[in-house]
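Summary of the model geometry
Here is how the chains run, residue by residue.
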Amino acid sequence: MNKVPFVTKEQLDKITEQYPTPFHLYDEKGIRENARKMKQAFSWNPGFREYFAVKATPNPTILKILQEEGCGTDCSSLTELMMSDMCGFHGDDIMFSSNDTPAEEFVKARELDAIINLDDITHIDFLKEAAGIPKKICCRFNPGGKFSIANTIMDNPGDAKYGMTKPQIIEAYQRLKELGVEEFGMHAFLASNTVTNDYYPTLAKILFETAVEIQEKTGVKLSFINLSGGVGIPYTPDKEPNDILVIGEGVHRVYDEVLVPAGMGDVKIFTELGRFMLAPYGHLVTKVIHEKHTYKEYIGVDACACNLMRPAMYGAYHHITVMGKETAPADHMYDVTGSLCENNDKFAIDRELPEIAIGDTLVIHDTGAHGFSMGYNYNGKLRSAEILLKEDGSTQMIRRAETPDDYFATLRGYGL
Ligand SMILES: *Cc1c(COP(=O)(O)O)cnc(C)c1O
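Here's a quick rundown of the structure. Keep in mind it's a predicted model, so treat the numbers as computed, not measured. Along each chain, residues carry numbers from 1 onward, in the same order as the chain's sequence is written. Selection of residues for local features in this predicted model requires a pLDDT of at least 70, selection of side-chain atom pairs for listing and counting requires 80 or more, and totals for whole chains, interfaces and linings are taken over all residues. By convention in this description, side-chain values take in all heavy atoms of the structure and omit both hydrogens and water.

1. A word on the packing of helix H7 (residues 166-178) against helix H8 (residues 199-218)
- Note on geometry: axes are lines fitted to C-alpha atoms, helical ones only across the stretch in contact, with angles between N-to-C directions running from 0 to 180 degrees. Strands are runs of DSSP state E lasting at least 2 residues, helices are runs of H or I lasting at least 4, and numbering of each runs from the N terminus. At a minimum axis separation of 11 Å, H7 and H8 run at an interaxial angle of 50°. Viewed along their axes, H7 and H8 adopt a mutual orientation that is oblique. H7 and H8 meet at a crossing whose hand is right-handed. In this structure, H7 contributes Lys166, Ile169, Ile170, Tyr173, Gln174 and Lys177 to the contact, and H8 contributes Thr210, Glu213, Ile214, Lys217 and Thr218.
- Each residue is assigned to one class: nonpolar for Ala, Val, Leu, Ile, Met, Phe, Trp, Tyr, Cys and Pro, charged for Asp, Glu, Lys and Arg, and polar for all the others, Gly among them. Residues that form the contact of H7 with H8 fall into these classes: 4 nonpolar, 3 polar and 4 charged. The cut-offs work like this: below 35 degrees is roughly parallel, past 145 is roughly antiparallel, 65 to 115 is roughly perpendicular, and the gaps in between are oblique. Two helices that cross are described as forming a left-handed crossing if the nearer one is turned anticlockwise from the farther one by less than a right angle, and a right-handed crossing if clockwise. We call two residues in contact when some of their heavy atoms are within 4.5 Å.

2. Some points on the environment of His90
- The residue His90 is located in the loop between helix H4 (78-86) and strand S4 (94-96) in this model.
- Residue His90 is classed as partly exposed on the basis of its relative accessible area, which comes to 40%.
- Ignoring any residue separated from it by four or fewer positions in sequence, one finds His90 in contact with Asp85 and Leu112.
- Reaching out from His90, the side chain makes a polar contact with the side chain of Asp85 at a distance of 3.2 Å. When accessible area is computed with a 1.4 Å probe and restricted to protein chains, residues below 20% of their type maximum are described as buried, those above 50% as exposed, and intermediate ones as partly exposed. Definition of a polar contact: a pair of N or O atoms within 3.5 Å, with one able to donate and the other able to accept a hydrogen when the atoms are protein atoms, and with sequence-neighbouring residues admitted only if both atoms are side-chain atoms.

3. What about the sheet that holds strand S5 (residues 115-118)?
- Here, strands pair whenever DSSP counts at least two bridges between them. Read around the closed barrel, 8 strands run S2-S3-S4-S5-S6-S9-S10-S11, paired in parallel fashion. Pairwise comparison of adjacent strand axes, ignoring direction, gives a mean angle of 25° for this sheet.

4. Quick look at a negative patch on the surface
- Exposure above 30% relative accessible area and no salt bridge define the residues that can form patches, which grow by joining like charges within 9 Å and nonpolar side chains of Val, Leu, Ile, Met, Phe, Trp and Tyr within 5 Å. Surface accessibility in these figures is a Shrake-Rupley result with a 1.4 Å probe; residues are shielded only by whichever protein chains are displayed. Any carboxyl oxygen of Asp or Glu that lies within 4 Å of a side-chain nitrogen of Lys or Arg is treated as forming a salt bridge with it. Working convention for charge: Lys and Arg count positive, Asp and Glu count negative, and His plus the chain ends are omitted. Each charge is placed at NZ for Lys, CZ for Arg, CG for Asp and CD for Glu. A cluster of acidic residues, Glu291, Glu297, Asp331 and Glu355, forms a negative patch on the protein surface.
- Structurally, Glu355 can be placed in the loop between strand S16 (346-353) and strand S17 (361-364).
- Glu355 sits in the exposed class, given a relative accessible area of 51%.

5. A short note on the nonpolar core
- For the purposes of this section, nonpolar cores are sets of buried Ala, Val, Leu, Ile, Met, Phe, Trp, Tyr and Cys residues that join through side-chain atoms within 4.5 Å. Ranked by size, the top nonpolar core spans 86 residues in total, and within it Phe42, Tyr200, Phe208 and Met277 carry the most contacts.
- For this core, the element with the highest residue contribution is H8, accounting for 9 residues.
- In this structure, Phe42 is in contact with Phe48, Tyr200, Ile244, Gly248, Val251 and Ile269, ignoring residues within four places of it in sequence.
- One finds Leu284, Val322, Val336 and Ile364 within the second-largest nonpolar core, a separate group that totals 16 residues.

6. A look at unusual backbone geometry
- Between Thr21 and the following residue, Pro22, the backbone shows a cis peptide bond with an omega angle of 0°.
- By secondary structure assignment, the location of Pro22 is in the loop between helix H1 (9-18) and strand S1 (23-27).
- One non-glycine residue with positive phi stands out, namely Ser228, at about 60°.
- Note that Ser228 resides in the loop between strand S10 (222-226) and helix H9 (244-259).
- Even without being glycine, His370 reaches a positive phi, approximately 55°.
- Its place among the elements puts His370 in the loop between S17 and strand S18 (385-389).
- The class for His370 is buried, based on a relative accessible area of 13%.

7. Quick look at the side chain of Asn242
- Within the secondary structure, Asn242 sits in the loop between S10 and H9.
- In this structure the side chain of Asn242 is engaged in a polar contact, spanning 3.0 Å, whose partner is the backbone oxygen of Thr194.
- One polar contact links the side chain of Asn242 to the main-chain amide nitrogen of Thr196, over a distance of 2.8 Å.
- With residues up to four places along the chain from it excluded, the contact list for Asn242 reads Thr194, Val195, Thr196, Asn197, Val231, Gly232, Ile247 and Phe276.

8. A short note on the site of the ligand
- The near set for a molecule or strand comprises every residue that places at least one heavy atom within 4 Å of it. Around the ligand there are 14 residues in total, and Lys55, Glu272, Gly274, Arg275 and His370 lie nearest to it.
- Here an oxygen atom of the ligand and a backbone polar atom of Gly230 are 3.2 Å apart.
- The side chain of His370 places a nitrogen or oxygen atom 2.7 Å from an oxygen atom of the ligand.
- The fraction of the free accessible surface of the ligand (390 Å²) that becomes covered by protein chains is 91%.
- When its residues are assigned to classes, the shell around the ligand shows 3 nonpolar, 6 polar and 5 charged.

9. A few points about the pairing of S5
- Judged by which residues are buried, S5 turns out to be covered on both faces: Ile115 and Asn117 on one side and Ile116 and Leu118 on the other are all buried.
- Summarising the sheet, S4 and S5 pair through 2 bridges and their orientation is parallel. Paired with Met95 across the strands is Ile115, a residue of S5.
- A clockwise course of the path from the first strand over the helix to the second, judged with the strands pointing away from the viewer, identifies a crossover as right-handed. Crossover connection from S4 via helix H5 (residues 103-111) to parallel S5: handedness right-handed.
- In this sheet, strand S6 (residues 136-140) lies alongside S5 in parallel orientation, the contact comprising 3 bridges. The residue of S6 that forms the bridge with Leu118 is Cys139.
- You can see the chain leave S5, run along helix H6 (residues 123-130) and come back into S6, and the turn it takes is right-handed.

Just distances and angles here, no functional claims.
Right, dumping it as structure tokens:
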């Protein structure tokens, strides 16, 4: 299997004539089709809603596309709440799934009437003090231990800073009921970037059984369960992508097994996906500016880790297509590097690729989520533009590139 860019060489040549590289390019058609499939997968649940994790791709044009497809937003900071507000998300359109939350962020969330998802039992009093307790609230659960699917450990919730233990969450619901809360939800995020159709169904079973237990012990009947993020994508070309229709059916089966017999057949299912909604529909487009032959063969491009941090930060694999050389044999071995004074600024290490020449355009795949958004300004490097490839084939700049003026803005009057 190979990864095929969502643009042809001819299309991309025209786009790079218009916009200087590097930039992130997003595929509106792919985003919309995937969002519709997501909705279809959970159409068996009348209250279903996807709350897109804003941190994955915090761009108003992207948020509005997802809004048109029926999504809400999942925020965890002040500016994410503000951006949601500016894009017309209000009240139940916003899930506020934060942790270590500053008081001013709870105040903003209450002002927007967002659904607050409490990360800790101590946050009940903190929220009460800061902004008051709303009528509807969600609590984040962490069952601890290891999270396994069929004896394979997927992640380690016991080591994660998020969520409440079972005794804490039971006490939290009791406390919140006493404080006048009328509608309750539960949330958990137990494994990240899972490439298996079993993650959501396995997670759902744990949460559904816990919901039944909560009802028995406290009399609190949950009205929604938020399966959060974690449904991933295959970054390497050898893996099968998740099938969201199979995943939706898997959750449906567990719902009928556990919740329906307990008289909880009206619980709404929410999700908070970021990566699955956007990652495959973004490319980082960059041009080759140098080649270097020393102890290894290097290809130097005009993008750097400031535009895409995942390879440097996690050693993450991102597939690379050399435009126009899709069918050429991958008979060269390269490190593809950016220009940071940081040896981990490499988009690929020992990667087998076709022979590359200066001036070639490279597409770095799967950068639509946790790509631009993790960008930073190390070495004084500037963040790139974001371009939308629209359904009709035209393009629109949806964020301009930073300029040196942006970089110096916080220093003007402070030494400059
Ligand atoms: C990051 C995050 C998500 C989205 O995660 P993905 O891996 O992008 O699906 C959802 N909810 C919360 C609370 C998160 O922190």
